[in-house]
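Overview (structure and organization)
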Amino acid sequence: MNKKLIVLVSLVFTFGIAFAQITADPQDDFYMYAQGWELKGYVKSLPQLRPYPLNVVKSILTSVMEKSNGRDGQIAREYWEKLTGKPTHLNLEGGIRQENNKDTYKNSGNNVEYSKTRQYNGGPHFTGDIAINPLASFGYNFGIYSVNEDDVSVLPFAVRSEHDTVADSTEIGPFRLNIDMNSNLSVGKEHIYVQAGINRSGFGPFLKDDLALSDNAFHAPNLSFTYDGGKWSYTQIMQSIGASLNNGEDLDSETDVGKYLALHSFRYRVSEKLDITYYESTIIGKRFELAYMLPAPFMAVQGIGDSTDNSQMGLLIEFKPVEGVKWSSSFFADDISLNKAVKLKFDTKNRVGIETGIQYAPPASSLDLMTLNYTIVAPYTYAHWSYNEDGKTFSDKTFNYFNYVSHGIQIGASIPPNSDRIAFSARFTPVKRLNVTLKTNFMRHANAYESLEPEEAEKIYKTNYISRTEGAVYIKESDGTPLTTSEYQTAISAPGAKPSDYLLVNTSGGDVYCTNSSAFSQQKLIGDDNHVDTAWDHLNLLNQDHAMTVIQAGFDLAYETPKMKLGTFTFKFGWTWEYITNNGAQNAIYTARGRVSGDTYQTAYDDWVSKLHDSINNYLSFSVKVAY
């Protein structure tokens, strides 16, 4: 799009972005209502992959309108009117977000710092759900999202932005104007269809935070297939995702193509109350593999290529004991040691995620949906190493094509590895057109790199330091030991030493290893299959000395006016209170940024500890949307 046109449109409309339409955005409120309708028995079962095609959405609405004469039927009729009305809508929304922050540094005499960040956002969007014919539909959301501060600066911990914007923005004074677009084309019948487009995708019963594929992960070009045979169903999706730097830095500005996610699932309906699903996912790097688009076991497909891809498997159980209630549990296995597991020894490389929770939606009630979930993500789950073409080296500019991340954002759960969370939310409609959402979260997170042995920590820190000071580092191939240029010259002059025993890694002066315990923190060193033994052979689940705890509580209000000549107005207000202890545990421990000669890994660690602090944050948001 012409940048001058972007500037002109945004100056005319001093409003912000609206959510995408139903068939292009799995975060739309429709999917929350649909889950509640399934629990109440208005809908027999829902597809596992979101978003849905238009004919599936209409089938759900028709079923609800036929079976409910109350509030649910009224909501379904309002959605029906929107979907069968104008094919294109102009959405404008003015938004303000603000974070008020108080940090207390206990290691510095209880020094207190205050800060405030305010974001203004704006831009028009054109949205629509178009029925091309009974077998084909197209959903779209084309527009601009303008901000003076990045979303991440005004959102609570582990909360993701609703928007999909590119880094190449146009600037007008303090504002950055970003293109924000999604689309989805569907072809097929209600029980069998193909979808293609660029949009966010969600899988399973856990809205917005699934272990394998979350509705709130960054959007991606994708091709998917869904078949529902009643007794059993099959789902498959292939996404083209963005690779970020292996050291976890510049996640937004530097990305690369050539990275793909494949996921498929087989769901079997044991009874009207019990569904069991087996699913697999694979991250493919530096090539496109057609075999992952076939209904074949991913583990077998990976074995054909000498197991070079990053594959996971999972088991999902959904049980409905009574009407209005469903218990769901998902087990996501990234890497497990079966030999030790059968011996009940769990202090080993168990890279797994577990999510279990209750959904409750009573009929004839103002409660739309209530959820209570527990999620745990073990250390180094989602993480994976990515070497250069030689299979032995990587640098500060090497892209990671194999971790479970797209465009710097985890594809699965929003909490990082070595974390757990208890989450509660309840959505009410106490009066017509007024929605109230209550939410609380309790989370723990720790930096697994705090558990490293001194020798391991020194190798990682020294590699980062030599990279930053010399722009190149020599690595002893057999054990990953880093050397400066002078140390290398001394080493190869020793009797029996050979230059081929060492690897030269040229860098751009940044950290080589990521040590923030995110999905970019590896369990291997540069060299010939060198493991970080403490990370590779032990679980280390939340047993570090400086675990971070996060408590969040808040509410969201939304009121939509009846339709007027100017359109429909929606007013939204949100507040979240957040208390964090040991804030900063999520930062890199053994970074060499700011370090000087004579510093060691212990110096870096002590500095990391000294910067840990407690935080009290208040997040406020207000917006006004008009949809015409």
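What counts and how
Residues numbered from 1 in each chain as written. Predicted model: local features only at pLDDT ≥ 70, side-chain atom pairs only at ≥ 80, totals over all residues. Heavy atoms only, no water. Helix = DSSP H or I, 4+ residues; strand = E, 2+ residues; numbered from the N terminus. Rg over C-alpha atoms; globule rule 2.2 N^0.38 Å. Buried < 20%, exposed > 50% of the residue type's maximum accessible area, 1.4 Å probe, protein only. Contact = heavy atoms within 4.5 Å. Phe/Tyr/Trp six-rings, centres within 6.5 Å; stacked < 30°, edge-to-face > 60°. Lys NZ or Arg CZ within 6 Å of the ring centre and 35° of its normal. Pairing = 2+ DSSP bridges. Axes fitted to C-alpha atoms, helices over the stretch in contact; angles between N-to-C directions. pLDDT = per-residue confidence, 0-100.

Concerning the overall build of the protein
In terms of helices and strands, the protein carries ten helices and 30 strands. For 628 residues, the compact-globule estimate of 2.2 N^0.38 gives 25 Å, and the protein sits close to it at 25 Å. Taking the principal axes of the C-alpha coordinates as reference, the protein spans close to 90 × 55 × 45 Å. Buried positions account for 55% of the 628 residues belonging to the protein. Taking the intrachain contacts of the protein between residues at least 6 apart in sequence as the baseline, contacts between residues at least 24 apart amount to 69%.

Observations regarding the packing of aromatic side chains
As enumerated under the stated definition, the model contains 29 aromatic pairs in all. A ring pair is formed by Phe-332 and Tyr-382, whose centres lie 5.7 Å apart and whose planes are at 50 degrees; its orientation type is tilted. With Phe-332 in strand S15 (residues 325-335) and Tyr-382 in the loop between strand S17 (367-377) and strand S18 (399-400), the pair connects residues that are 50 residues apart, well separated along the chain. One aromatic cluster is present, formed by Phe-30, Tyr-31, Tyr-33, Trp-37, Tyr-52 and Tyr-79 through successive ring pairs. The ring centre of Trp-80 lies 5.8 Å from the NZ or CZ of Lys-58, which sits over that ring. One Lys or Arg, Lys-82, reaches over the ring of Tyr-79 and ends 5.8 Å from the middle of that ring.

Re the sheet that holds strand S24 (residues 482-483)
With antiparallel pairing, three strands are arranged side by side in an open sheet as S24-S23-S25. Each of the sheet's edge strands pairs with one partner strand only, and the pair in question is S24 and strand S25 (502-506). Strand direction decides the pairing type here: strand S23 (residues 472-476) and S24, joined by two bridges, are antiparallel. By the bridge assignment, Tyr-474 is partnered in S24 with Leu-483. The strands that helix H7 (residues 454-470) touches are S23 and S24; relative to S23, the one it contacts most, it runs at about 150 degrees.

Focus: the confidence of the model for the protein
In the predicted model, the protein carries a mean pLDDT of 92, and 96% of its residues have values of at least 70. Of the regions scoring below 50 in pLDDT, residues 1-20 engages in 53 contacts with residues more than four places distant in sequence or in other chains.

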